[in-house]
Amino acid sequence: MCLAVPGKIIRIDNPGSAVVDMLGARREVSLRLVPDAQVDDYVLVHAGFGIQVIGPDEARETIELIREMDELVEDELTVAGDNA
């Protein structure tokens, strides 16, 4: 399964490259596929590339879903560990 994670562009270092905050982790990301992206925009990041600019509401909703998935996995691991 492939997953693109939303991130907020913190700064653009040079054309085609930016530092993006994704769930609290800052990563260098290529903007070559989204050349019109600007600082404070949200981009979907996959394999080190910004692949689409999205709005802040969509980014927030997606981040909430990702965090819910983390909680579900944690809950499942706890239940599995209790049954071992």
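Residues numbered from 1 in each chain as written. Predicted model: local features only at pLDDT ≥ 70, side-chain atom pairs only at ≥ 80, totals over all residues. Heavy atoms only, no water.

(A) Representation of the pairing of strand 3 (residues 25-30). Both strand 2 (residues 17-22) and strand 3 contribute to a ladder of six bridges, which runs antiparallel. What sits directly across from Ala18, in strand 3, is Val29. Joining the antiparallel neighbours strand 2 and strand 3 is a turn of two residues, in which Leu23 adopts a positive phi near 55°. (Pairing = 2+ DSSP bridges. Helix = DSSP H or I, 4+ residues; strand = E, 2+ residues; numbered from the N terminus.)

(B) Representation of the environment of Glu28. Within the secondary structure layout, Glu28 lies in strand 3. The class for Glu28 is exposed, based on a relative accessible area of 53%. With 15 residues separating them along the chain, Glu28 and Asp13 place their C-alpha atoms 9.2 Å apart. Leaving out residues up to four positions away in the same chain, Glu28 has contacts with Asp13, Ser17 and Ala18. (Buried < 20%, exposed > 50% of the residue type's maximum accessible area, 1.4 Å probe, protein only. Contact = heavy atoms within 4.5 Å.)

(C) A look at the nonpolar core. Of all hydrophobic cores here, the largest spans 12 residues; its members are Val5, Ile9, Ala18, Val20, Met22, Val29, Leu31, Val34, Ala37, Val43, Val45 and Ile66. Top contributing element to this core by residue count: strand 2, with three residues. Every residue in contact with Met22, bar those within four places of it in the chain, is listed here: Val5, Pro6, Gly7, Arg27 and Val45. (Core = buried A, V, L, I, M, F, W, Y, C linked by side-chain atoms within 4.5 Å.)

(D) Region of the structure containing the pattern of salt bridges. Inspection of every chain in the model, using the stated rule, returns four salt bridges. Between Asp13 and Arg11 there is a salt bridge, with its nearest N and O atoms 2.8 Å apart. A relative accessible area of 37% means that Asp13 is categorised as partly exposed. (Salt bridge = Lys/Arg side-chain N within 4 Å of Asp/Glu carboxyl O.)

(E) Up close: a negative patch on the surface. Together, Glu58, Glu61, Glu64, Glu68, Asp70, Glu71 and Glu74 make up a region of like negative charge exposed at the surface. Note on placement: Glu61 falls in helix 1 (residues 56-83). (Patch = residues over 30% accessible without salt bridge, like charges linked within 9 Å, V, L, I, M, F, W, Y side chains within 5 Å. Areas by Shrake-Rupley, 256 points an atom, 1.4 Å probe, with all protein chains shown as cover. Lys, Arg positive; Asp, Glu negative; His and termini not counted. Charge placed at Lys NZ, Arg CZ, Asp CG, Glu CD.)

(F) Main features of the side chain of Ser30. Within the secondary structure, Ser30 sits in strand 3. At 3.3 Å, the side chain of Ser30 forms a polar contact with the backbone nitrogen of Arg32. Look past the residues within four positions of Ser30 in its chain and what remains in contact with it is Gly16, Gly48, Phe49 and Gly50. (Polar contact = N/O pair within 3.5 Å; in protein donor to acceptor, adjacent residues only side chain to side chain.)

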